[in-house]
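Analysis of the macromolecular model
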Amino acid sequence: MTTSQTSPPKYLQENTLSEECKKLLSTLPKEKGWIGSYMYNYQGCWIPTKFIQGTIAFQQQFEAEDSDIVLVTTPKSETTWLKLLLFPMVNRMKHSIFEQNHPLTVENPHVLVPFLEHTLYFDGRVPEFSSFTSPRLLATHMSFASRTKLVYLCRNPKDTFISMWHFANNLRVHQKDTNSIEEMFDLFCKGVSIYGPIWDHVLDYWKQSIEKPNKVLFLMYEEVKEKPKVQLQRLAEFLECPFSTEEENCGVADEILRMCSFENLSKLEVNKKKTLPSGEENKAFFRKGEIGDWKNYFTEEMNQKHNHIIEQKFQGSGLKFSYI
Ligand code: PPS
């Protein structure tokens, strides 16, 4: 009798680590992983096993160019949306937003704006940058100090947690092994979330944006959602490519917002049917995109515990989250 075994999707395979990396992992604190087996605390940040090697390669080898634009988020803070908005905005001279086969209609935003540690340097590979045009649009979830322009997007941590919990369970479904909300909430509160602690991540970039306002733009998803056009114009000005009067008259900013809306993008064939080279289905990145979904899941006890942590961590920083 033969037993047929299907191999796990690529994003769950963890057997490609170098001996050197395995040795390093054996010295680091570890906790249960949200998606893969474990997460390791590397330089104060919780990183899934699979991404450690790429993280180190990115840190050691990446050479920034002055014109680079780097998008930074914690996972599930609306990274996809930021990539969606930035790509057509920055490339609007090359690809008119009104063009029929705009790259956004045929490619997933994570392919158009790749992650440094997850994709370009994945497994310690040497990336090929020759196909990139200037300015290079790159993304990271890492703590990263650079001389290039950084755009940081954060989202209220309650919705970020719910989004991460759903996403992780969705990806773990292949293992028939989903995580309970209680267990993951406890980890999240301890700071053990992917690239967490989330509070350190957010505070680091919040401070950088105050110290270097020309280099680091700090955006909040809830503010972008409330006044998208104002925030898109702010983004364009920060990146020194403001919309001209002619573009204003033609409705370029409005068209970017329409094109990048959840309703429009999630319906596209590429985002409904295709998968990323790393194996995740594109549709996993489009769930609801709403503010306040946490209310459908949090108990009063979870809410109070979370509020208390937020109060402690962000006290005196001047940073306030909007939950509704
Ligand atoms: S990742 O893995 O870090 O890149 O994921 P990330 O993109 O940060 O988080 C996914 C959430 O973003 C929502 N999303 C959008 N919201 C608004 N508009 C658009 N176009 C859009 N695209 C994706 C997605 O639904 C996830 O949020 P939740 O709350 O889970 O729905």
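Before reading on, note that the structure itself is shown above.
Right, let's walk through the structure included here. (Residues numbered from 1 in each chain as written. Predicted model: local features only at pLDDT ≥ 70, side-chain atom pairs only at ≥ 80, totals over all residues. Heavy atoms only, no water.)

Some thoughts on the side chain of Asn 41
Take Asn 41: it is sitting in strand E2 (residues 38-42). Owing to a relative accessible area of 18%, Asn 41 belongs among the buried residues under this scheme. For Asn 41, the side chain forms a polar contact with the main-chain nitrogen of Gly 44, separated by 3.0 Å. The residues contacting Asn 41, other than those within four sequence positions of it, are Leu 28, Pro 29 and Trp 46. (Helix = DSSP H or I, 4+ residues; strand = E, 2+ residues; numbered from the N terminus. Buried < 20%, exposed > 50% of the residue type's maximum accessible area, 1.4 Å probe, protein only. Polar contact = N/O pair within 3.5 Å; in protein donor to acceptor, adjacent residues only side chain to side chain. Contact = heavy atoms within 4.5 Å.)

Considerations on the site of the ligand
In the region of the ligand, 21 residues are neighbours, and Glu 78, Thr 79, Thr 80, Ser 163 and Lys 288 sit closest. One nitrogen or oxygen atom from the main chain of Cys 260 is found 2.9 Å from a nitrogen atom belonging to the ligand. When the free accessible area of the ligand is taken as 640 Å², the share hidden by the protein chains comes to 97%. No other element matches helix H3 (residues 79-90), which puts 4 residues into the shell around the ligand. Counted by class, the shell around the ligand contains 8 nonpolar, 8 polar and 5 charged residues. (Near = heavy atom within 4 Å. Areas by Shrake-Rupley, 256 points an atom, 1.4 Å probe, with all protein chains shown as cover. Nonpolar A, V, L, I, M, F, W, Y, C, P; charged D, E, K, R; others polar.)

Section: the sheet that holds strand E1 (residues 30-32)
Read across the open sheet, the 3 strands follow the order E1-E2-E3; overall the sheet is antiparallel. On the outer flanks of this sheet lie E1 and strand E3 (45-48), each paired with one strand and no other. For this sheet, the mean inter-axis angle between neighbouring strands, taken without regard to orientation, is 35 degrees. The pairing of E1 with E2 spans 3 bridges and is classified as antiparallel. (Pairing = 2+ DSSP bridges. Axes fitted to C-alpha atoms, helices over the stretch in contact; angles between N-to-C directions.)

Remarks on the packing of aromatic side chains
Evaluation of the coordinates by the stated rule reveals 26 aromatic pairs. Taken together, a centroid distance of 5.1 Å and an interplanar angle of 90 degrees make the contact between Phe 314 and Phe 321 edge-to-face. Looking at Phe 321, the relative accessible area reads 13%, which means it is buried. One aromatic cluster is present, formed by Trp 34, Phe 161, Phe 185, Phe 188, Trp 199, Trp 294 and Phe 298 through successive ring pairs. Looking at Lys 149, its charged tip hangs above the ring of Phe 238, at a distance of 4.6 Å from the centre. (Phe/Tyr/Trp six-rings, centres within 6.5 Å; stacked < 30°, edge-to-face > 60°. Lys NZ or Arg CZ within 6 Å of the ring centre and 35° of its normal.)

Examining the pattern of salt bridges
In a structure, side chains of opposite charge can pair up when their charged atoms sit close to one another. On inspection of all chains with the given rule, the structure shows 15 salt bridges. Among the salt bridges present, the one from Lys 32 reaches Glu 183, with a minimum N-O distance of 3.8 Å. Within this pair, whereas Lys 32 is found in strand E1, its partner Glu 183 is found in helix H8 (residues 181-189), the two being separated by 151 residues in sequence. A relative accessible area of 34% means that Glu 183 is categorised as partly exposed. (Salt bridge = Lys/Arg side-chain N within 4 Å of Asp/Glu carboxyl O.)

Looking at the nonpolar core
One finds Trp 34, Leu 86, Met 89, Val 151 and Phe 161 to be the most contacted residues of the largest nonpolar core, which totals 110 residues. If you tally residues by element for this core, the top one is H3, at 8 residues. (Core = buried A, V, L, I, M, F, W, Y, C linked by side-chain atoms within 4.5 Å.)

Observations concerning the layout of surface pockets
Its boundaries defined by the atoms lining it, the second largest pocket holds a volume of some 250 Å³. Every residue lining the second largest pocket is counted, 15 residues in all, and those nearest its centre are Phe 87, Leu 112, Ser 131, Phe 132 and Thr 133. Counted by class, the lining of the second largest pocket contains 8 nonpolar, 4 polar and 3 charged residues. (1 Å grid on protein atoms, 1.4 Å probe; cavity = no way out; pocket = protein on both sides within 12 Å on 5 of 7 lines; lining within 4 Å. Points joined across faces, edges and corners; volume = space filled by probe spheres on them.)

Structural notes on helix H13 (residues 252-259)
Side chains of residues three or four places apart in an α-helix project in the same direction, reflecting 3.6 residues per turn. Of all 8 residues that make up H13, 6 are buried, and the element is covered over most of its length. Residues of H13 that are buried include every one of Val 252, Ala 253, Glu 255, Ile 256, Leu 257 and Met 259, and no others. At its buried positions, H13 is contacted by H3, helix H4 (103-106), helix H11 (228-238), helix H12 (245-250) and helix H14 (262-267).

Details of unusual backbone geometry
Note: most residues except glycine have negative phi, and most peptide bonds are trans. Cis peptide bonds are those with omega within 30 degrees of zero, and the linkage from Ser 134 to Pro 135 qualifies with -5 degrees. In this fold, Pro 135 is placed in the loop between helix H6 (116-120) and strand E5 (137-140). At Glu 78, a position not held by glycine, the phi torsion is positive, near 80 degrees. Mapped onto the fold, Glu 78 is located in the loop between strand E4 (69-73) and H3. Residues other than glycine seldom take positive phi values, yet Asp 123 does so here, at roughly 65 degrees. Of note, Asp 123 is situated in the loop between H6 and E5.

Read these as layout, nothing more, since geometry by itself doesn't imply function.
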